[in-house]
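# Chains, contacts and geometry: an overview
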Amino acid sequence: MAVPIEELTMNAWPAQQTVVHGGWLLRLAEGYTKRANSVHPFYAGDESEAALKRKIEACEAFYCRAGQDTIFKLTPFAPAGLDLLLEARGYVLESPSRVMLLTDFARLGKPPRERSDVTIECEDRLSYSWLDHMCAFSGIASCHEGAAARIMHAITMKTGFFTLYVGGEPAACGLGVLEGKHVGLYDIATAPAFRGQGLGERLIRRMLQWAARSGATRSYLQVAQSNGPANRLYARLSFEELYPYWYRVKKRPNR
């Protein structure tokens, strides 16, 4: 189950460039998000320490040429010993996170009471108003909006761009990406002024209803372990941790 979910996450969040190196995928997307600008080393088999070091050096040269830090996304099924090798080379551990899975939409239980002032809209294509809301709610700098738009325009699966309004004012947003029986939930964000009102749960339930109408029965998402409110929300919705992941980052030397 784990590697197929990783494949879904990469299809749902495509890089602008991908290079294959000995079973490792090296991805670039103008530096926007670690997941689209990192090495994904989950296809390789057993390798010697010397072979791993050579591949790490090749990755470092690749990202240096691109003018970016070298980042590895690591999971429990990465090559044995790779994490320790990266640590020994000065890579810093960042963004401990988890992949969470909802295996059956029927487990959601009773929805919250409806609110007459809440409406939710879904667009099947990216709009710049949705992008502006997402960046504002998530605190994403305007300099990254173009890269975010290019990633989202490149998604080839069915998408739903959701906006939740309270009294006509945009208050939360999210992106759903469908592939087979799975729907990935991305960019779930609530405006600071509207947090703590249960809007995230309302939004996710609507997104899952949309996915179910297209035949989806399972949902996955990725969340930082340090994001307490989000983790509590997802647990309340019956999402369970499938596996952890983390990043190892080596800063590019200053020139």
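Coordinates for the structure precede this section.
Residues numbered from 1 in each chain as written. Predicted model: local features only at pLDDT ≥ 70, side-chain atom pairs only at ≥ 80, totals over all residues. Heavy atoms only, no water.

## Notes on the packing of helix 6 (residues 199-213) against helix 7 (residues 228-236)
At a minimum axis separation of 10 Å, helix 6 and helix 7 run at an interaxial angle of 50°. Our classification of the angle between helix 6 and helix 7 gives oblique. With respect to the hand of their crossing, helix 6 and helix 7 are arranged in right-handed fashion. Contact residues: Gly200, Glu201 and Ile204 in helix 6; Leu233, Tyr234 and Arg236 in helix 7. Within the contact of helix 6 with helix 7, the residues separate by chemical class into 3 nonpolar, 1 polar and 2 charged. (Axes fitted to C-alpha atoms, helices over the stretch in contact; angles between N-to-C directions. Helix = DSSP H or I, 4+ residues; strand = E, 2+ residues; numbered from the N terminus. Parallel < 35°, antiparallel > 145°, perpendicular 65-115°, else oblique. Left-handed = near helix turned anticlockwise from the far one by under 90°. Contact = heavy atoms within 4.5 Å. Nonpolar A, V, L, I, M, F, W, Y, C, P; charged D, E, K, R; others polar.)

## Let's talk about the pattern of salt bridges
Tallied over the full model, the rule gives 14 salt bridges. One salt bridge in this structure joins Glu47 and Lys55, with 3.2 Å as the shortest N-O distance. A residue is classified by how much of its surface remains accessible, and Lys55, at 7% relative accessible area, is buried. In this structure, Asp117 and Arg115 form a salt bridge, with 2.9 Å as the shortest nitrogen-oxygen distance. Under the relative-accessibility criterion, Arg115 is labelled partly exposed at 23%. Beyond isolated ion pairs, a larger network of salt bridges with shared partners links Glu60, Arg89 and Lys250. (Salt bridge = Lys/Arg side-chain N within 4 Å of Asp/Glu carboxyl O. Buried < 20%, exposed > 50% of the residue type's maximum accessible area, 1.4 Å probe, protein only.)

## Some thoughts on the side chain of Thr190
Of note, Thr190 is situated in strand 9 (residues 182-190). In contact with Thr190, not counting residues within four places along its chain, are Phe137, Ala171, Ala172, Arg195 and Gly200.

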